[in-house]
Amino acid sequence: MLFDKIDVARSACANELGILDRLTWRRLSVAGIWRRGVPERLGGDGGCWGDLADAIADASVKVDLGFALSMVAHGGFLRALVEHGNDWLHRKVLPSMMSGSIGLTALTEAQGGSDVSRCQLSGVSAEDGWRITGSKRHITNGPVADRGLILGRLPELGRRDITLFVVNLSHPSVSRGETENLAGLRSSPTGGLTFTDTPVRRQSVLGEPGNGLTTLYDVISFDRATYGLIAARWLEPQIIKAIKFARQRVAFGSPILEYEYVQGRITDAIMGVRTAEAVSRRALRALDERAADAQELCSVAKFVGTELMVKTTQDLMRVYGHAGFEESAASRAVRDALGTVIAGGTSEMQRKNVLNRYLEAVS
Ligand SMILES: Cc1cc2nc3c(=O)[nH]c(=O)nc-3n(C[C@H](O)[C@H](O)[C@H](O)COP(=O)(O)OP(=O)(O)OC[C@H]3O[C@@H](n4cnc5c(N)ncnc54)[C@H](O)[C@@H]3O)c2cc1C
């Protein structure tokens, strides 16, 4: 239903041009996609965050993977507002984010993305809040977003100073860099943002000032959990297409699907898809239930889902032989998949997080 009117030619064109398909974004917003998971008392449809994750995973197939990545960025911001926002943010910011405005989460800076605690962007006290100055890089929706969750520091707070600011990105003190020229996921515009004395009112801090890292771990967990579902949904039609090809492509007198090496690639893909879906659903449930192991499970879902996308797209490309290496859906899928093991925290960071969380629970 949500995707009834989606025009796949538009999304291919958006990917070619390296822009967000805004018409599709608007249509999905009007159809109510951003009310999923938001409690009814805040104007949403109720349900759980898994409902939103499901819709995003569907978009990875019905629109494309890049578009789904932009949705993940927006969905993470939306959930953060709901779960950690105060009454002012719920009244003044959340409604527009449910009805078509675009959100983002900006952590990465020029000196690195993995170690977010070293971020340099910082704020100084001003009349009714703070003024923030600094730059972010490689931000999904950076070129197009209306509001964003910006990670920075408030040195006046002392050692524990990391803070999450909700910022109006249309303010004249915010400038945007060029859209970055990515190797894949081109329908998800990514770019830098520079803040120069940008005003942030007191009510626009998410969670408590100085407690940004703790809030952040919960915020990014939704994005991470969703990748497993996306992987499962996005890969399934690609597996089916490869099977159809392998049934009709003949080598040494038989369809290549009869050869065990080819069957092995397909079998790994099917088992991976089933695993990623199960892990992701468990992580999303744990997040909704605020379970103690939720963040660990979300990292597992991110790791399993995105590494699966990389391995499976390469495996399927090989099934097509030379045809897969030509500029084709199969080779584009490989490039798109590669971006997902970096966005939202690299696989190494997910491994580190899983081990650290597990060790904490054991001690
Ligand atoms: C498509 C895409 C979308 C993105 N969207 C966003 C966004 O919306 N918001 C945002 O804030 N950022 C975004 N990013 C940036 C992304 O989060 C960072 O690129 C990522 O966190 C890695 O940071 P880095 O590139 O600075 O690499 P670095 O942190 O410099 O790391 C380089 C390499 O070293 C490894 N490494 C670093 N530290 C360790 C360690 N302790 N142990 C083992 N290995 C380590 C990393 O895993 C990586 O392989 C996006 C990136 C991509 C590709």
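Residues numbered from 1 in each chain as written. Predicted model: local features only at pLDDT ≥ 70, side-chain atom pairs only at ≥ 80, totals over all residues. Heavy atoms only, no water.

If you check an unreviewed UniProt entry, the protein appears there as Alkylation response protein AidB-like acyl-CoA dehydrogenase from Saccharomonospora amisosensis. On record in UniProt, under Cofactor (unreviewed entry), the comment for the protein is "FAD". What UniProt states about the protein under its Sequence similarities (unreviewed entry) heading is, verbatim, "Belongs to the acyl-CoA dehydrogenase family." (UniProt positions renumbered as here; feature names shortened; annotations may be inferred.)

If you trace the backbone, threonine 198 turns up in strand 7 (residues 190-201). Residue contacts for threonine 198: discarding those within four places in its chain leaves Trp130, Arg131, Ile132, Val167, Ser173 and Val174. (Helix = DSSP H or I, 4+ residues; strand = E, 2+ residues; numbered from the N terminus. Contact = heavy atoms within 4.5 Å.)

Another aspect to go through is the site of the ligand. Not every one of the 19 residues close to the ligand is listed here, only the nearest: Leu107, Thr108, Ser114, Thr346 and Glu348. A breakdown of the residues in the shell around the ligand according to their chemical character gives 8 nonpolar, 9 polar and 2 charged. Each of domain 2 (104-210) and domain 3 (213-362) accounts for three or more of the residues forming the shell around the ligand. (Near = heavy atom within 4 Å. Nonpolar A, V, L, I, M, F, W, Y, C, P; charged D, E, K, R; others polar. Domains from an automatic or database assignment.)

Next up on the list: the nonpolar core. Core analysis: the largest hydrophobic core is formed by 108 residues, its most contacted members being Met71, Leu78 and Phe195. For this core, the element with the highest residue contribution is helix 7 (residues 212-248), accounting for 17 residues. Ignoring anything within four residues of it in the chain, the contact list for methionine 71 reads Trp25, Leu28, Ile33, Trp34, Ile56 and Ala59. (Core = buried A, V, L, I, M, F, W, Y, C linked by side-chain atoms within 4.5 Å. Buried < 20%, exposed > 50% of the residue type's maximum accessible area, 1.4 Å probe, protein only.)

Within this structure's numbering, the places UniProt gives as "domain: Acyl-CoA dehydrogenase/oxidase C-terminal" (unreviewed entry) are residues 210-358. Between the C-alpha atoms that bound residues 210-358 there is a distance of 25 Å. The span itself is 81% helix and 3% strand.

Residues of helix 1 (residues 8-17) that are buried: Ser11, Ala14 and Asn15. Buried residues of helix 1, viewed axially, fall in a sector of 100 degrees; they line one side. Residues of helix 1 that are exposed and point over 90 degrees away from its buried face: Glu16 and Leu17. Glycine 18 lies just past helix 1 and shows a positive phi near 70 degrees. (Arc of directions from axis to C-beta.)

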